[in-house]
Amino acid sequence: MSSTKRLLRHLSQIVPILLAVGLTAFFLRSADLSRVLELVGSLRGSLPLLLVPNVGVTLLEGVGWWRSFGLLGARPALSRLLALRVAVEAVSIGLPSGAVISESLQPYLLKRRCGVPFETAVVASVGRKFFVVVAHGIVLALFTLVAWPLLVRTSQQTIGRPGLPWLLLGVSAFMIATFGVGLALSGRARVAQRTRAGLDRLGGRWLRAWLERHALRFERADDHLLTFFERERWALVLPTLFYCGGWGVRGLETYLFLRLLGTDVPVAWAIAVESAVIVVRSVAVPLPAGLGVQDLGYVLFLKALGVPDVTTVGTAFVLLKRGKDLFWVLLGFGLLAVGERRAARPSS
């Protein structure tokens, strides 16, 4: 039985990677790579600009998350929290099923890296998920309404039928109503205890002793969740707005990349499309960073918009996006490794 479990575990790690590679090869099969590389190479002097939007996203969401700690007591050092966010995002987009792994690791890392009491760390992790999902839904809905006429015009080419903007509005309403309300009620659902069970499955012997020492704290964390979401509900508005700003900057990044490639698109369309494509990536949980799925989504939207030479432009755009992701993944894993060494170093 144990050998079967090991085989299934290895397959669960390998199959998503093979699937991502296959989808990427399918995506690249019709691209003229020499023209794509020539187009990307022409931007050599502008490449540092590609990192700027994600710096803005990190700051906006990091500050929003940091402010929400005021509902829980003392705030951690902002610099440590920003570094932790970069590391967590690297795990999320750099590993198969990374979103699940990163969310389970967040409480552990908050306590180990930022000195946050464990109960607070669990609540802060759930709170971050709440802000991410609710803000995503708000921005998707808002910019779907702003870009409505263009989305109506391109609906047939994008999804094969009319109704794309209605579909996006439905998805945003589902995100806000289901995930937002569900997370806000997470204290009643005993989500902290479920997080402990998830960490036990993922961490195995590495985390098991630590989990056993903190079992009672997981129980108390559910009580803190009720306090976080129900004591001062208006205090959740400002962090949510910071996260809305982060989602807006993600869309502006898409607009900037396309402009650098010589393609002019409406800003509202870029923000709506970026928000929609990330929803698709979120559904493709096992694939690292939605590799292949997200890339095809971008090209599909660009083709529906009637972008000239869409295969070349789309492939170049995806290479820029993936290159940017690679930079932040490497930085995040670097911060993760450095932080572990510092945490393991004995104090003098």
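Everything here concerns the structure above.
Residues numbered from 1 in each chain as written. Predicted model: local features only at pLDDT ≥ 70, side-chain atom pairs only at ≥ 80, totals over all residues. Heavy atoms only, no water.

(A) Fine view of the overall build of the protein chain. Scanning the protein chain from N- to C-terminus turns up 15 helices and 0 strands. Considering the protein chain as a whole, with its 348 residues, one finds that 47% of them fall into the buried category. Of all intrachain contacts in the protein chain linking residues separated by at least 6 positions in sequence, the fraction that spans at least 24 positions is 76%. Counting every atom, the protein chain has about 17,100 Å² of accessible surface; 64% of that belongs to carbon and sulfur. (Helix = DSSP H or I, 4+ residues; strand = E, 2+ residues; numbered from the N terminus. Buried < 20%, exposed > 50% of the residue type's maximum accessible area, 1.4 Å probe, protein only. Contact = heavy atoms within 4.5 Å. Areas by Shrake-Rupley, 256 points an atom, 1.4 Å probe, with all protein chains shown as cover.)

(B) Structural context of the packing of helix α3 (residues 52-68) against helix α4 (residues 78-94). Contact geometry for α3 and α4: axes closest at 9 Å, N-to-C directions at 120°. Comparing the axis directions of α3 and α4 gives the class oblique. In the crossing of α3 with α4, the sense of the turn from one axis to the other is right-handed. Judged by residue contacts, V57, T58, L59, E61, G62, V63, W65 and W66 of α3 engage L78, L81, L82, L84, R85 and V86 from α4. (Axes fitted to C-alpha atoms, helices over the stretch in contact; angles between N-to-C directions. Parallel < 35°, antiparallel > 145°, perpendicular 65-115°, else oblique. Left-handed = near helix turned anticlockwise from the far one by under 90°.)

(C) Up close: the nonpolar core. Core analysis: the biggest nonpolar cluster contains 36 residues, and V265, W269, F301, F317 and L320 have the highest contact counts within it. Of all the elements in the fold, those that place two or more residues in this core are α2 (33-41), α6 (118-146), α7 (148-159), α8 (164-184), α12 (237-260), α13 (267-283), α14 (293-305) and α15 (310-344). In terms of residue count, α13 provides more of this core than any other element does, 7 residues in total. L320 has contacts with V40, L43, L47, L50, F257 and L261, leaving out every residue within four places of it along the chain. Core analysis: the next-biggest nonpolar cluster, separate from the first, contains 33 residues, V88, A121, V123 and A135 among them. (Core = buried A, V, L, I, M, F, W, Y, C linked by side-chain atoms within 4.5 Å.)

(D) The side chain of R250, seen in detail. Its location among the elements puts R250 in helix α12. Given the relative accessible area of 15%, R250 is considered buried. Those residues in contact with R250 that lie beyond four places of it in its chain are V57, E61, R85, E274, I278 and K321.

(E) Quick peek at the packing of helix α5 (residues 98-114) against α6. Running from N to C, α5 and α6 point in directions that differ by 135°, and their axes come no closer than 8 Å. What the angle tells us is that α5 and α6 run oblique. When the axes of α5 and α6 are compared, the crossing they make is right-handed. Two secondary-structure elements touch here, α5 through E103, Q106, P107, L110 and K111 and α6 through F118, A121, V122, A124, S125, R128 and K129. Each residue belonging to the contact of α5 with α6 can be placed in one class, and the counts come to 6 nonpolar, 2 polar and 4 charged. (Nonpolar A, V, L, I, M, F, W, Y, C, P; charged D, E, K, R; others polar.)

(F) Expanded view of unusual backbone geometry. Although it is not a glycine, D309 adopts a positive phi angle of roughly 50°. The topology assignment puts D309 in the loop between α14 and α15. Judged by relative accessible area, D309 falls into the partly exposed class, the value being 38%.

(G) Representation of a nonpolar patch on the surface. Taken together, the side chains of W234, V237, L238 and L241 make up a nonpolar region of the molecular surface, amounting to roughly 460 Å² of accessible area. By the secondary structure assignment, V237 is in helix α12. (Patch = residues over 30% accessible without salt bridge, like charges linked within 9 Å, V, L, I, M, F, W, Y side chains within 5 Å. Salt bridge = Lys/Arg side-chain N within 4 Å of Asp/Glu carboxyl O.)

(H) Representation of the environment of L39 in the model. Looking at the secondary structure, you find L39 in helix α2. Put simply, L39 and F317 are 278 residues apart on the chain and 9.7 Å apart in space, counted from C-alpha to C-alpha. When residues no more than four places from it in sequence are discounted, the contact partners of L39 are L261, T312, V313 and A316.

(I) The pattern of salt bridges, seen in detail. Scanning all chains against the criterion turns up 12 salt bridges. Its salt-bridge partner being E61, residue R250 comes within 2.7 Å of it at the nearest N-O pair. Here R250 is found in helix α12, whereas its partner E61 is found in helix α3, with 189 residues between them in sequence. For the pair R250 and E61, a shared accessibility class is recorded, and that class is buried.

(J) Structural context of α5. In α5, a bend of some 40° at Q106 exceeds every other bend along the element, and P107, a proline, comes one to four places later. Those residues of α5 lying buried are G98, S102, S104, L105, Q106, P107, Y108, L109, L110, R113 and C114. (Bend = angle between axes of the 7 residues up to and from the residue.)

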